[in-house]
Structures are given as C-alpha cells and as structure tokens.
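# An overview of the molecular structure
Take a look at the letters that make up each chain.
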Amino acid sequence: MAERPQTQPFVIKDCALLSIATGRRAQNLQELRDHLGAVDTSSIYYHFWGRLLRPRFDDPEYNNDFAAWVAHGLLEYGLAERLAIIDPGAFEDLEDLRSEVVNVIDEHLDQSEFPAGARRRDQFHFRRAQTIVFDTGRRLTHPAELSAAIPALSLGSIYYHVVDARRRPPQRVDDFRTWLSGLDGVHDHLIRSLETVDPYFMSLAELRTALATALGAVVGEERR
C-alpha cells in the first residue's frame, strides 16, 4: 500500500530577538530580588533564554544573566552556582520559574547579614524580549526530510522552533514534535529521539547538532 502523503507541511521560520530596556535596575541582591518579583515575565524569559541569540555568550560559565551578575557583580559565587543550575525547561510556566529564582535568592538573603552590592557601573539592567518572526519560504512535506533539513537551519530557526516553541501553549514542546505528532501516528520513534535533547545547557549550534544526531541515529537504524 502506498504511503499516505502528508497534507500539512512544516513551515520553516526564522526569528530575531529584540532586547528592550525596562528601566528597572539593581545595585544589590535585595533590589534584584524586589524587581524579580514585579518585572514582566518577558524579562524573566529574556534573561534565561535570550543569551542564546546574542552574537556571543556574555558568560558561558553561567547559564542565565542572573547567575552571571551575582557572580561577577556581587562576587556571591555560591549563590551564582545555585542560580546557574536552574533549568527553565523544568517549570510549567514563567511564573513558576520566577518563583524558583526568588525563593533561591530569599534563602540566601535570610542567611546573609550584609548582602553585597555592586559598583554603580556594574548594575543589573533588566531587559525584556520581543521575538520578531518571519517565514523563510521553506517547507518540509515528509518527516524523512527533517533529519536532512536540521543541519542547514539557521540558529534563529533553531531558536524559534525549539526554544521559543516550548513556551507556546497548549503543547509547550518543540515545533518538530508538534508537527510529527499531528501526522499519521507512526512517527513516535522520531518524537522520542527529540525528547532526549535538552535545549538549555548548550549553545544553539550545539543544539542543532544534537537534534540532527538524535534524528540521524533513528533514520540510520531504519535503513539497516
């Protein structure tokens, strides 16, 4: 029996992340904590995920801007390490992520008699993210094309389809899995391979390679 053609092509998109100043800034840990409790969630998102689309990593040792500033601006390395291991993908939404960051800082403040402050030039500036999305004009019509297409995708496309997609309701998973799950129901093996890739603790280039490797391994097994 001939394989049923796929009627819903995958639309490959690209994006850029616009960084917008919020006017909020912190000079010490208490101020950071206070602003964290009130700032828009798009700022939480930016300071965890926005680093991936910057021309370079500001600090590859720490996985979010809060951890990097606490380390280099306040010299609070123990707290910085606790903040750095927070995986935003482990939380249901950005409000839950905000609560976790605030709780970690609160615990540290409770144990600190004199919280450290930063020099004025080293203040933490809260920024928020606005994602600009555009259609590349490329389409995938069959799952077999996905493995070959991923290595050629731009970093903006990887960000949009994998990172940004995870905050979009209702699925909150990458666009590749959403597309595969809506086809003819025989691509669970590909979906499971994509589930093994955690996008947070790697660069976008590394993420692209990891996705291609995961899918390539499945495709290779199928051809044996």
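Residues numbered from 1 in each chain as written. Predicted model: local features only at pLDDT ≥ 70, side-chain atom pairs only at ≥ 80, totals over all residues. Heavy atoms only, no water.

## What about the overall build of the chain?
We apply this condition: Strands here mean DSSP runs of E at least two residues long; helices mean DSSP runs of H or I at least four residues long; both are numbered from the N terminus. The cut-offs for exposure are 20% and 50% of the maximum accessible area for each residue type, with area from a 1.4 Å probe on protein chains only; residues under the lower value are buried, those over the upper are exposed, and the others partly exposed. A contact between two residues is defined here by any heavy atoms of the two lying within 4.5 Å. Exposure was quantified through the Shrake-Rupley algorithm and a 1.4 Å probe, taking into account, for residues, occlusion by the shown protein chains and nothing else.
For the chain, the count of helices and strands is 10 helices and two strands. Looking at the chain residue by residue over its 224 residues, the buried ones come to 46%. Of the contacts formed within the chain by residues at least 6 apart in sequence, a portion of 72% connects residues at least 24 apart. About 11,700 Å² of surface is accessible on the chain, with carbon and sulfur atoms providing 50% of the total.

## A look at the pattern of salt bridges
How we decide: Only one rule defines a salt bridge in this text: a Lys or Arg side-chain nitrogen within 4 Å of an Asp or Glu carboxyl oxygen.
Overall, the coordinates contain nine salt bridges when judged by the stated rule. Arginine 98 serves as the salt-bridge partner of glutamate 95, at 3.0 Å between the closest nitrogen and oxygen. Taken together, the residues span about one helical turn, with glutamate 95 and arginine 98 both in helix H5 (residues 94-111) at a distance of three residues. When its relative accessible area of 40% is taken as the criterion, glutamate 95 is described as partly exposed. With a shortest N-O distance of 3.1 Å, aspartate 164 and arginine 167 are connected by a salt bridge.

## A few points about the side chain of glutamine 123
Applicable threshold: Think of a polar contact as two N or O atoms within 3.5 Å of one another; within protein, one of them needs to be a possible hydrogen donor and the other a possible acceptor, and neighboring residues in sequence only count if both atoms come from side chains.
Position of glutamine 123 relative to the elements: it lies in the loop between H5 and strand S2 (124-140). The class for glutamine 123 is buried, based on a relative accessible area of 13%. A distance of 2.8 Å separates a polar atom in the side chain of glutamine 123 from a polar atom in the side chain of glutamine 27. Contacts of glutamine 123, omitting those with residues within four sequence positions, involve Arg25, Ala26, Gln27 and Trp69.

## A look at the environment of phenylalanine 126
Inspection of the secondary structure puts phenylalanine 126 in strand S2. Sequence spacing of phenylalanine 126 and threonine 22 is 104 residues, and the spatial spacing of their C-alpha atoms is 5.9 Å.

## What to know about the confidence of the model for the chain
To keep things clear, this is the line we draw: pLDDT measures how confident the predictor is about each residue, on a scale from 0 to 100.
Summarising the model, the chain shows a mean pLDDT of 87, and 88% of its residues fall at 70 or more. Least confident of the elements in the chain is helix H10 (residues 204-223), whose mean pLDDT is 80; most confident is helix H7 (residues 155-163), at 96.

## Examining helix H1 (residues 29-36)
Rules: Directions pointing from the helix axis toward each C-beta atom define the arc.
Looking only at H1, the buried set comprises Leu29, Leu32, His35 and Leu36. Projected down its long axis, H1 shows its buried positions confined to an angular sector of 130 degrees, all on one face.

## Focus on the nonpolar core
Quick reminder of the rule: Each nonpolar core is a collection of buried residues, namely Ala, Val, Leu, Ile, Met, Phe, Trp, Tyr and Cys, held together in the definition by side-chain atoms within 4.5 Å.
Ranked by internal contacts, the top residues of the largest apolar core, which has 64 residues, are Leu32 and Leu83. The biggest single contributor to this core is H5, with seven residues. The contact partners of leucine 32, leaving out residues within four places of it in the chain, are Ala26, Phe66, Trp69, Val70, Ile105, Phe124 and Phe126.

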